[in-house]
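Here is what each chain is made of, one letter per residue.
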Amino acid sequence: MSEGVIGDHILNATEGFALLFGDDTAAAEAKFSSQQTAFHRIGRGLTVFLQAALGMEQDILARATTDLYEAEQLAENEKKSAAREKGTGRFSPTAPYDVLVADAVVCQALTQLLTESAFEMAKAVLKLNRAHKLFNNTFNAVFPCGVASLPESPIPSPTISRKPSTSSLASTSSATPSQKQSGSRFGGLTKRFGYLSVLGSGSPEPANVTPLPPPNGPVEELIMSGACFGYGLFGLILSLLPPKIKRLIGIFGFTSDRKAALRALTVSASYSDVHAAFAALTLCTYIGAVLLLSGWNADPEHDLRTYDTILKRVEKRYPNGSLWILNRAKLCRMNLEADKAIDILQVALGPERTVRFPQADTLLVFELAWTLLAETRYREAADAFVKIMELNSWSHATYTLIAAGCLVALPEEEKTPETRQEIRTLLDRVPVLLDQKQIGGRRLPMEQYASRKVAFWMKKQARRAAERKAACLTGDEEKGWEEVIKISPAEECSCFWNSYSRVSGSSARAHIASLSSLTPHPSIPSPFIPAPESKASSDALDDLDTPDELATRDLLLGVLHRAAGDFKTGRKYLEAAVGAKKAVYDDTWAVAFAAYELAVLELWEADADTGHSMEQSIDLNAPARNLAALSDADKATWKAALDRSIKHLDRVANQEFGLHDMEGRQMSRQLMLRDEITAKREQLGL
């Protein structure tokens, strides 16, 4: 088969991908079914894979596995035919099929991971290993001098000015290209287990290397873009793994360098094949979700502008795609334009959009729900979380608890009898849902949190009932355990998800007002908290009567004061929460998160003290500020703040505050924040 014919197949299949990323999945499947080539079969498999990954329906997962396996087999057969032909291009005739096989295998692995079956997950690990090997073989063949030979990309890297996040675990700096292809100094283990080191990732780039010319035609573009995407995807994932796992896989020759991985992804995203869309989606996810978890960014303006640049390119190609609408809304929210984000999401979910990607709608509703909650639009947020359960099967217990929590957070005057009954109905469903399906016989961390909170509230209700009876108090005999919930679990979950990181000052103050209305009145003075009112009755019990609840409120008030720009008061509240370590017996997560948030506060305060805080949305089209133009005094301020922040993180990393439900999530956030701190030191030459 000539390169021209293969190119025609690629271009025809690319039309199907344009339909897919524009939300017309039915038309995309029809396009992919119109020809029986490996490129079209992969397209059909990827369509079902996206539906499965976003919707989590078991029947679609099974179909995706079958379609992707058939696509892999067809690509392998066409590869055998190509191997018998004499190539005329600069790459091997089998190269495009190597990319297709790797695409099919990695998507099979991800689909198997989503099945929640231990057996399928075990097979997925083997497939991921194989896909990693396939992608790296292709990358090594296409770019024999590694990252140094990558073409220039018009898209800036999210970490273009940053030091590599991890150094090589097995150095390849002195290896020749052929040696690099065979692995590292752990060559035997590398070959035995199929692992290949990531080229040149943690080593200095070779001198006098000329970047490869841009691709000439659709075949070369698919090969180069696919190689960059696979290299970047695995490199980015490896760089985000915890240090212990990195050290473990290091003995097999793995290296990881986030900067190199992101650079490869930006090259892939600059092209026009299917890998360009997936690379753009990976980069958007990294900036819009992964980086956001840290709570603070070394250079948020640069990251937001990079995010915007990527989105503008894909929006031009797929103006109606839900995945890009979602990321545009995320960008607005990160840029302190929550109202604009809500408008974008509500329009996208409205009836005027006739072409829809049902599984992607779940993500739009999910983003809308959290944004509404952050903006204290509690009634709408509750409805959105309930809507998610109509679209997705993931942990209904969690969504039900959060929906109830949104209604709990409503002002008392807005809680009609119907609303109170709705709260009770939702909360009564949580224990029932928790007893249903569990992954591998274990609950998810959020479900562990939900189970513990339900038990805590039930105990509180029984204790308070006994206290009222002993004191001969009346009036609450008919109230259920939902009446003792005073701090909304939705507000607590917002802390887990870091939803407060990018709220406006007015929204932060609204949350503060709600939390400070609970009794006893907060003991730390604040310009945002009015003087306490006297109790309606001397017999009234305080809303919060355990060290756990008081520490949790102090944590939330500390985070919200920081978001409102009052760092001094925020620090006092966070320190109060940390100081309750010995008294807290159930919500130990609150104390650990308070220590983490102190680390974040140090950095936000240093931003403000050196005149680089982002207190309002920025003009994404304006030139970026020069962060390096700081005085010696400002650099000294930064050095002290970075050092203090690390000390707080060390306390968390050393498990000074014990184990808790959200330990895994906090560890991920902590690793991301440490990388941002390293990046800031590099920026400032500290």
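So, how was this worked out
- Residues numbered from 1 in each chain as written.
- Predicted model: local features only at pLDDT ≥ 70, side-chain atom pairs only at ≥ 80, totals over all residues.
- Heavy atoms only, no water.
- Helix = DSSP H or I, 4+ residues; strand = E, 2+ residues; numbered from the N terminus.
- Buried < 20%, exposed > 50% of the residue type's maximum accessible area, 1.4 Å probe, protein only.
- Contact = heavy atoms within 4.5 Å.
- Areas by Shrake-Rupley, 256 points an atom, 1.4 Å probe, with all protein chains shown as cover.
- Core = buried A, V, L, I, M, F, W, Y, C linked by side-chain atoms within 4.5 Å.
- Salt bridge = Lys/Arg side-chain N within 4 Å of Asp/Glu carboxyl O.
- Phe/Tyr/Trp six-rings, centres within 6.5 Å; stacked < 30°, edge-to-face > 60°.
- Lys NZ or Arg CZ within 6 Å of the ring centre and 35° of its normal.
- pLDDT = per-residue confidence, 0-100.
- Polar contact = N/O pair within 3.5 Å; in protein donor to acceptor, adjacent residues only side chain to side chain.
- Expected span 1.5 Å × (residues − 1).

**Q** Tell me what's going on with the overall build of the chain, and back it up with residues and numbers.
**A** When helices and strands are tallied, the chain shows 27 helices and zero strands. When burial is assessed residue by residue, the chain has 56% of its 686 residues classed as buried. Residue pairs at least 24 apart in sequence account for 74% of intrachain contacts in the chain once pairs closer than 6 positions are excluded. When the accessible surface of the chain is split by element, carbon and sulfur atoms take 56% of a total near 28,000 Å².

**Q** Describe in detail the nonpolar core, supporting the description with residues and values.
**A** Residues Phe 385, Leu 555 and Leu 673 are the most contacted members of the largest nonpolar core, which totals 106 residues. Apart from the residues within four sequence positions on either side, Leu 673 is in contact with Ser 294, Trp 296, Tyr 596, Ala 599, Val 600, Leu 603 and Leu 649. If you look at the next biggest cluster of nonpolar residues, it comprises 86 residues, including Ala 95, Ile 155, Phe 234 and Leu 331.

**Q** Mind laying out the pattern of salt bridges, listing which residues take part and the relevant values?
**A** Overall, the coordinates contain 43 salt bridges when judged by the stated rule. The salt bridge partner of Glu 597 is Arg 562, with a shortest N-O separation of 2.7 Å. Remark: Arg 562 occurs in helix α23 (residues 547-563) and Glu 597 occurs in helix α25 (residues 588-609); sequence separation between them is 35 residues. Across the salt bridge formed by Arg 571 and Glu 602, the nearest N and O atoms sit 2.9 Å from each other. In this pair, Arg 571 is assigned in helix α24 (residues 567-579) and Glu 602 in helix α25, connecting sequence segments 31 residues apart. Here the two residues Arg 571 and Glu 602 agree in accessibility, since each one is buried. Counted as one network, the salt bridges with shared partners bring together Arg 452, Lys 453, Glu 492, Asp 586 and Asp 587.

**Q** Quick one: what's the story with the packing of aromatic side chains, residue by residue and with numbers?
**A** Under the definition given, this model contains 21 aromatic pairs. Seen in terms of ring centroids, Tyr 318 and Trp 324 are 6.1 Å apart; in terms of plane orientation they differ by 20°. Their pairing is stacked. Here Tyr 318 matches Trp 324 in class, with each residue buried. For the ring pair Phe 366 and Trp 497, a centre distance of 5.8 Å and an interplane angle of 75° mean the geometry is edge-to-face. Of this pair, Phe 366 sits in helix α16 (residues 358-374) while Trp 497 sits in the loop between α21 (489-496) and α22 (505-516); the two residues are 131 residues apart in sequence, bridging distant segments of the chain. Site record: aromatic cluster; members linked through ring pairs are Phe 21, Phe 135, Phe 229, Phe 234, Phe 278, Tyr 318 and Trp 324. The side chain of Arg 665 reaches across the aromatic face of Trp 497, ending 4.0 Å from its centre.

**Q** Any chance you could break down the confidence of the model for the chain for me, citing the residues and the numbers?
**A** Across the chain, the average pLDDT comes to 84, with 86% of residues at or above 70. Confidence drops under pLDDT 50 across residues 160-205; counting only partners more than four residues distant or on other chains, this segment forms 107 contacts.

**Q** I'd love a proper account of unusual backbone geometry, names of residues and values included.
**A** Between Thr 519 and Pro 520 the backbone carries a cis peptide bond, its omega angle lying at 0°. Within the secondary structure, Pro 520 sits in the loop between α22 and α23. In this structure, Thr 376 is a non-glycine residue whose phi angle is positive, near 60°. Within the fold, Thr 376 resides in the loop between α16 and α17 (378-391). Phi at Gln 655 takes a positive value of approximately 55°, unusual for a residue other than glycine.

**Q** Requested: an account of the environment of Ser 294, with residues and values cited.
**A** In this fold, Ser 294 is placed in the loop between α12 (274-293) and α13 (300-317). Accessibility expressed as a relative area gives 0% for Ser 294, which makes it buried. In the structure, Ser 294 is positioned 378 residues away from Met 672 in sequence and 5.3 Å away in space, judged by C-alpha atoms. Beyond its immediate chain neighbours, meaning those up to four positions away, Ser 294 contacts Asn 498, Tyr 596, Val 600, Arg 669, Met 672, Leu 673 and Glu 676. Polar side-chain contacts of Ser 294 include one of 2.8 Å to the backbone oxygen of Trp 296.

**Q** Tell me what's going on with the side chain of Thr 47, and back it up with residues and numbers.
**A** The topology assignment puts Thr 47 in helix α3 (residues 38-55). At 2.8 Å, the side chain of Thr 47 and the backbone oxygen of Gly 43 are in polar contact. If near-sequence neighbours (up to four positions away) are discounted, Thr 47 is found in contact with Leu 20, Thr 25, Glu 29 and Phe 32.

**Q** Residue-level account of the environment of Leu 557, with values.
**A** As for its placement among the helices and strands, Leu 557 is situated in helix α23. You can call Leu 557 buried: its relative accessible area is 0%. Sequence spacing of Leu 557 and Ala 577 is 20 residues, and the spatial spacing of their C-alpha atoms is 9.8 Å. Apart from the residues within four sequence positions on either side, Leu 557 is in contact with Ile 512, Leu 515, Pro 522 and Tyr 573.

**Q** Give a detailed account of α16, specifying residues and quantitative values.
**A** Here α16 contains 17 residues, and its C-alpha end-to-end distance of 25 Å stays within 8% of the 24 Å for a straight helix at 1.5 Å per residue. Counting buried positions over the 17 residues of α16 gives 14, a clear majority of the element. Positive phi shows up at Thr 376, right after α16, with a value of about 60°.

**Q** Please provide a residue-by-residue account of α3, values included.
**A** For α3, built from 18 residues, the straight-helix expectation of 26 Å at 1.5 Å per residue is met to within 8% by its first-to-last C-alpha distance of 25 Å. Most of α3 is tucked away, with 17 of its 18 residues classed as buried.

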